[in-house]
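Breakdown of the fold
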Amino acid sequence: MTGTDRLHKPVLVLNASYEPINICAARRALVLILKGVALAEELAPAQVHSARQALNVPSVIRLLEYRRIPHQTRALSRKNILMRDRYMCQYCQRVLPSGEMTLDHVIPRSRHGETAWENLVACCHSCNNRKGNRTPEEAGMKLLRLPRPFSLHTSRHLMRLLGRGEDQWRKYLFFSEEN
Ligand SMILES: [Zn+2]
């Protein structure tokens, strides 16, 4: 693994209370540590070398000050909608790479459907074409599930998926079940 790869490795971010709240790249984690905002709870078995020093790359960091996490922490964006829906077309349930996905307005925009978490789903091109300017009911298509905002609950689920191969993350991800 090269130094650059190491700086892109995912790092689990814990709140001061040890609650997992995010995932960031190792580079960002190192910046937070150097700024004194966070400390390393677990170190990856790797170092990166800067001009003057060797730095241990963390795999888990913890914020020193408790941060209040608003109910909805994620910006509404194409990437986040696709992540929420796990790159699965919400009509035919095919999982596709991001480039082959579109976003579907469940209630079409032409019918005053909102651009909002509750009205946007990941959708493949063929389902999007088939649905056209209709509601799912009109098109005879069924949504896999009702779209919801990207909540911390969803984020934790994703952290678990991403953290599957990260032994050092496990105890933080599983210590508290949804409450
Ligand atoms: Zn589809």
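Each chain has its residues counted from 1, following the order in which its sequence is written. Residue-level local features of this predicted model are given only where pLDDT is at least 70; pairs of side-chain atoms are given and counted only at 80 or more, and the full residue set underlies all totals for whole chains, interfaces and linings. Hydrogens and waters are ignored; side-chain quantities use all the structure's heavy atoms.

1. Side note on the sheet that holds strand β4 (residues 54–63)
On the basis of which strands lie adjacent, the open sheet formed by 4 strands has the order β2-β1-β4-β3 and mixed pairing. In the strand order of this sheet, the two ends are held by β2 (20–25) and β3 (38–49), each with one partner. Between one strand and the next, the sheet's axes are offset by a mean angle of 35°, whatever the strand orientation. Contacting β1 (10–14), β2, β3 and β4, helix α2 (residues 26–34) crosses the sheet at an angle of about 85° to β4. At least two bridges found by DSSP between two strands is the condition for calling them paired. Each helix is a run of DSSP H or I of at least 4 residues and each strand a run of E of at least 2, with the numbering of both proceeding from the N terminus. To obtain each axis, a line is fitted to C-alpha atoms, and for helices this fit is confined to the stretch in contact; angles are then taken between N-to-C directions over 0 to 180 degrees. In this analysis, two residues are considered to be in contact whenever any of their non-hydrogen atoms come within 4.5 Å of each other.

2. Describing unusual backbone geometry
Here tyrosine 87, not a glycine, exhibits a phi torsion of approximately 55°, which is positive. Position of tyrosine 87 among the secondary structure elements: in the loop between α3 (78–84) and β5 (101–105). Think of it in three bands: residues with accessible area under 20% of the maximum for their type are buried, residues over 50% are exposed, and the middle band is partly exposed, with areas taken using a 1.4 Å probe on protein chains only. Note on tyrosine 87: relative accessible area 26%, which makes it partly exposed.

3. Comments concerning the coordination of the zinc ion
Metal donors were taken as nitrogen, oxygen and sulfur atoms no farther than 2.8 Å from the ion, or 3.2 Å where the ion is Na, K or Ca. Water is excluded, so coordination may look unfinished. Bound to the zinc ion on the protein side are Cys89 (SG), Cys92 (SG), Cys124 (SG) and Cys127 (SG), at distances that span 2.3 Å. Classification of the site at the zinc ion as tetrahedral follows from its 4 donor atoms and the range of 103 to 115° in their angles at the metal. Here the metal geometry follows the donor angles, with tetrahedral for four donors whose angles all fall between 85 and 135 degrees, square planar for four and octahedral for six when opposite donors are more than 155 degrees apart and every other angle is between 65 and 115, and irregular for all the rest.

4. Topic: the pairing of β5
Across a regular strand the side chains alternate sides, sitting on one face of the sheet and then on the other. In terms of burial, β5 is a largely internal element, 4 of the 5 residues being buried. In the sheet, β5 pairs with strand β6 (residues 120–124) via 5 bridges, with the strands oriented antiparallel. By the bridge assignment for β6, threonine 102 is matched with cysteine 123.

5. Quick word on the confidence of the model for the protein chain
Per-residue pLDDT for the protein chain averages 85, and the proportion of residues at 70 or more is 88%. Each residue carries a pLDDT value, the predictor's own confidence for that position, ranging from 0 to 100. Averaged pLDDT values for the elements of the protein chain fall to 70 in helix α6 (residues 152–162) and rise to 97 in helix α4 (residues 125–131).

6. A few points about the environment of tyrosine 172
Its location among the elements puts tyrosine 172 in helix α7 (residues 167–174). For tyrosine 172, a relative accessible area of 8% translates into the label buried. Counting along the chain gives 160 residues from tyrosine 172 to leucine 12, while the straight-line C-alpha distance between them is 8.9 Å. Residue contacts for tyrosine 172: discarding those within four places in its chain leaves Leu12, Leu14, Tyr18, Pro20, Glu41, Glu42 and Val60. Pairs of N or O atoms within 3.5 Å make up the polar contacts considered here, provided that, within protein, one atom can donate a hydrogen while the other can accept it, and that residues adjacent in sequence are counted only when both atoms are side-chain atoms. One polar contact links tyrosine 172 to glutamate 42, side chain to side chain, over a distance of 2.8 Å.

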